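Listed below, chain by chain, are the residues.
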Amino acid sequence: MTSVRGAEEELVLPGARTGREPERSLRPGPRRLTPEQVASRQRERLLDGVARTVAANGYTGARISDICRAAGVTRPVFYELFSGKEDAVLAAFRGGTETVLRAMQRAYEETGGAVDWPGAVRGGLGVLLGLLARNPAFATMVAEIESVGPAGRRARAELLASFRLFFADAPAGPPGVPRDELVDTVVGAVHAALLRAVDEGRFGCAGRAGEEGSGDAAAGPGAGVGSLLDVLVHVVVAPFGWPDRPLHRLPEPS
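Counting from 1, residues in each chain are numbered in the order their sequence is written. Restriction of local features to residues with pLDDT of at least 70 applies here, the model being predicted, together with a cutoff of 80 or more for giving and counting side-chain atom pairs; totals for whole chains, interfaces and linings are based on all residues. Note that water and hydrogens are dropped before the side-chain values are worked out from all heavy atoms of the structure.

Engineer: I'd like a rundown of the overall build of the protein chain, residues and numbers included.
Structural biologist: For helices the rule is a DSSP run of H or I covering at least 4 residues; for strands it is a run of E covering at least 2, with both sets numbered from the N terminus onward. Along the protein chain, the regular secondary structure elements total 10 helices and 0 strands. If you list the helices and strands of the protein chain from N to C, you get α-α-α-α-α-α-α-α-α-α. Residues count as neighbours in contact if any of their non-hydrogen atoms are within 4.5 Å of one another. Expressed as a percentage of contacts within the protein chain between residues at least 6 apart in sequence, the contacts between residues at least 24 apart total 70%.

Engineer: Give a detailed account of the packing of aromatic side chains, specifying residues and quantitative values.
Structural biologist: Centres within 6.5 Å are what make two rings of Phe, Tyr or Trp a pair, Trp counting through its six-membered ring; a difference in plane orientation under 30 degrees is then read as stacked, over 60 as edge-to-face, and the rest as tilted. According to the stated counting rule, one finds 7 aromatic pairs in the structure shown. Aromatic pair W117 and F167: ring centres 6.1 Å apart, planes at 55 degrees, arrangement tilted. Taken together, the residues W117 in helix 6 (residues 117-134) and F167 in the loop between helix 8 (150-162) and helix 9 (179-199) connect sequence positions 50 residues apart. Per residue, the accessibility class of W117 equals that of F167, and both read buried. One aromatic cluster is present, built from ring pairs that chain together F78, Y79 and F82. Charge-over-ring contacts are defined here by two conditions on Lys NZ or Arg CZ: a distance within 6 Å of the ring centre and an angle within 35 degrees of the ring normal. Residue placement shows K85 over the ring face of Y59; its charged tip is 4.3 Å from the ring centre. Three exposure classes are used, based on accessible area relative to the maximum for each residue type with a 1.4 Å probe and protein chains only: buried under 20%, partly exposed in between, and exposed over 50%.

Engineer: A description of the side chain of D66 should follow, citing residues and the corresponding values.
Structural biologist: Of note, D66 is situated in helix 3 (residues 64-71). When near neighbours in sequence (up to four residues on either side) are disregarded, D66 contacts T53 and G61.

Engineer: Residues and numbers for the environment of L90, please.
Structural biologist: With respect to the helices, strands and loops of the structure, L90 is situated in helix 5 (residues 85-110). With 43 residues separating them in the primary sequence, L90 and L47 have C-alpha atoms 9.8 Å apart. If sequence neighbours within four positions are ignored, L90 has contacts with I145, V148, A151, G152 and A155.

Engineer: So what's going on with the pattern of salt bridges? Which residues, and what values?
Structural biologist: Salt bridge, as used here: a side-chain nitrogen of Lys or Arg that lies within 4 Å of a carboxyl oxygen of Asp or Glu. Counted according to the given criterion, the structure contains 9 salt bridges. E44 is paired through a salt bridge with R17; the nearest N and O atoms lie 3.9 Å apart. Residue E44 is found in helix 2 (residues 35-61), and its partner R17 is found in the loop between helix 1 (4-10) and helix 2; the two are separated by 27 residues along the sequence. Exposure remark for E44: the relative accessible area of 37% places this residue in the partly exposed category.

Engineer: Summarise the confidence of the model for the protein chain; cite the residues concerned and give the values.
Structural biologist: You can read pLDDT as the predictor saying how much it trusts each residue, on a scale of 0 to 100. Mean pLDDT over the protein chain stands at 85; residues scoring 70 or higher make up 78%. Taken element by element, the predicted model of the protein chain shows its lowest mean pLDDT in helix 1 (56) and its highest in helix 8 (98). Contacts from residues 206-222, a stretch scored under 50 in pLDDT, to residues over four places away or in other chains number 37 contacts. Every residue in residues 244-251 is under pLDDT 50, and counting partners more than four places away or in other chains gives 14 contacts.

Engineer: Give a detailed account of the environment of F166, specifying residues and quantitative values.
Structural biologist: Along the chain, F166 falls in the loop between helix 8 and helix 9. Remark: the alpha-carbon pair of F166 and A120, spanning 46 residues in sequence, is separated by 8.7 Å. Ignoring sequence-local partners within four residues, the contact set of F166 consists of L101, M104, Q105, Y108 and W117.

Engineer: Any details on helix 9? Residues and values, ideally.
Structural biologist: A helix is expected to reach a length of 1.5 Å times the quantity of its residues less one. The end-to-end C-alpha distance of helix 9 is 31 Å, a good match for the 30 Å that 21 residues give at a rise of 1.5 Å each. Buried within helix 9 are the following residues: L182, V183, V186, V187, V190, H191, A193, L194, L195, A197 and V198. The first or second residue beyond helix 9 is G201, which carries a positive phi of 75 degrees.

In structure tokens, the structure reads:
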């Protein structure tokens, strides 16, 4: 059986690879790939280029020509696959966050689920932090999504709403406090903490505008993430009645 950590390390998020890796190039001449397979490979390379370019330059400073250069794909091919920069960034954001969410759900169930909700929360958040630490370009691009404008804010709201499923097994919470509003507030607090961690370079990445990170960033990807995991687990479970309960510990994200 594949472990949670093993399955997590097999995932590939936008920005994890460079589009110019030799094994990903499409050489001229006879091909065994179908047109659909060619388009799929070019799209994957462009999504990697999107994440890396937005991470380096911010959404506003990312140019389609830079994305194409990073991906090793021509501008006409870009417009065959996407209507523009906004469309491409939203595709990278949605595709990557859906992958992360599925990995978190698997970890949540395997580390406790309804039987041990605090342990399950720790398992899910551990996978989230681990994936962000191993994919700093993607983490930075996610932080940039609000710069896309109304469509980016809608995509962010949809993502945050999807995290409500991790509270299905939580206790009722304090009497008289609206549960849905409490859940959304907790999710918002976790989101804000992650954005701050990106800006501080705690995932081994530069800040949103591509400036060099400081502090733990110099120690390598994911340095200092373990302490952040402890904080986030407490932020999530404490409002639902576990302020003093020792939490099941999992290996810290590397």
